[in-house]
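Notes for the structure review
So you can see what is in the structure, the chains are spelled out below.
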Amino acid sequence: MNDDSSPFLTDDMAMDGDTPAIEPTSRMLSWARNSALYRLEQRMMTEKQLRDAIMRKAREKFENISPAQVRALGEFAVTFAYGIKALDDTAYAEIAVRSGLRSGKSKRGLAQKLQIKGIARETAAVALQETNDLVAAVIFARKRAFGPFRRVELDEKRKAKEFSAFARNGFSFEIGAKVMAMTFEEAEEIIAEAPL
């Protein structure tokens, strides 16, 4: 039963008069657990992604849910996911960095992506230690048929386009110039020796 002197409401009471509920109901907690499981079965997520997804969906699913309940559901889902070892920001960062390197993403671009995903700066820095922008730039050049992988004649317009693409993707001018000056064999050797 609900004790009117208690700041917390029972599972059946979402509101007591005009006072919004502070703790989520058992139905809400059950939903948060199942929703977290479903999301984590679909794909690997960061702590921030899971918390944000649960909080957003809770606002949509439950009418008259208080902000305190929304936050509590987000925290409950994250705690639950850590409890079953389904959430690991360090592993997420390492996997994202390896994947990004294999697809030609710069260190700067990967750092920005990890920040957006909610990975702590220190965790991201550790994951990014082994990255090599030269290898990533060569892979990027191969994907875009730039530099040593170019299939057309180089003119000033094409050269500017390629340098711009390197810059937009977070590579320094020096790295871009180095890749542009490589021979096809040198570029292939760099990719072959890279620990991908």
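Residues numbered from 1 in each chain as written. Predicted model: local features only at pLDDT ≥ 70, side-chain atom pairs only at ≥ 80, totals over all residues. Heavy atoms only, no water.

1. Points about the packing of helix α7 (residues 133-144) against helix α9 (residues 173-181)
At a minimum axis distance of 10 Å, the contact between α7 and α9 shows a crossing angle of 55°. It follows from the interaxial angle that α7 and α9 lie oblique. The chirality of how α7 crosses α9 is right-handed. Here Asp133, Leu134, Ala137, Val138 and Ala141 of α7 lie close against α9, whose contacting residues are Ile175, Lys178 and Val179. Looking at the contact of α7 with α9 residue by residue, the class counts come to six nonpolar, no polar and two charged. (Axes fitted to C-alpha atoms, helices over the stretch in contact; angles between N-to-C directions. Helix = DSSP H or I, 4+ residues; strand = E, 2+ residues; numbered from the N terminus. Parallel < 35°, antiparallel > 145°, perpendicular 65-115°, else oblique. Left-handed = near helix turned anticlockwise from the far one by under 90°. Contact = heavy atoms within 4.5 Å. Nonpolar A, V, L, I, M, F, W, Y, C, P; charged D, E, K, R; others polar.)

2. Some words on the packing of helix α1 (residues 26-42) against helix α2 (residues 47-61)
Close contact between α1 and α2 brings their axes to 10 Å; oriented N to C, the two are set at 130°. With respect to their mutual orientation, α1 and α2 come out oblique. Crossing of α1 over α2 shows right-handed handedness. The segment α1 lies against α2, with Arg27, Trp31, Ala32, Ser35, Ala36, Arg39 and Leu40 engaging Leu50, Ala53, Ile54, Lys57, Ala58 and Lys61. Looking at the contact of α1 with α2 residue by residue, the classes come out as eight nonpolar, one polar and four charged.

3. Notes on the confidence of the model for the protein
When pLDDT is low, close inspection of the predicted coordinates is not appropriate. When pLDDT is averaged across the protein, the result is 88; 89% of the residues are at 70 or more. When pLDDT is averaged over each helix and strand of the protein, the minimum, 46, is found for strand β1 (residues 15-16) and the maximum, 95, for α2. Throughout residues 1-17 the model reports pLDDT below 50, and contacts reaching past four residues in sequence, or to other chains, amount to 21 contacts. (pLDDT = per-residue confidence, 0-100.)

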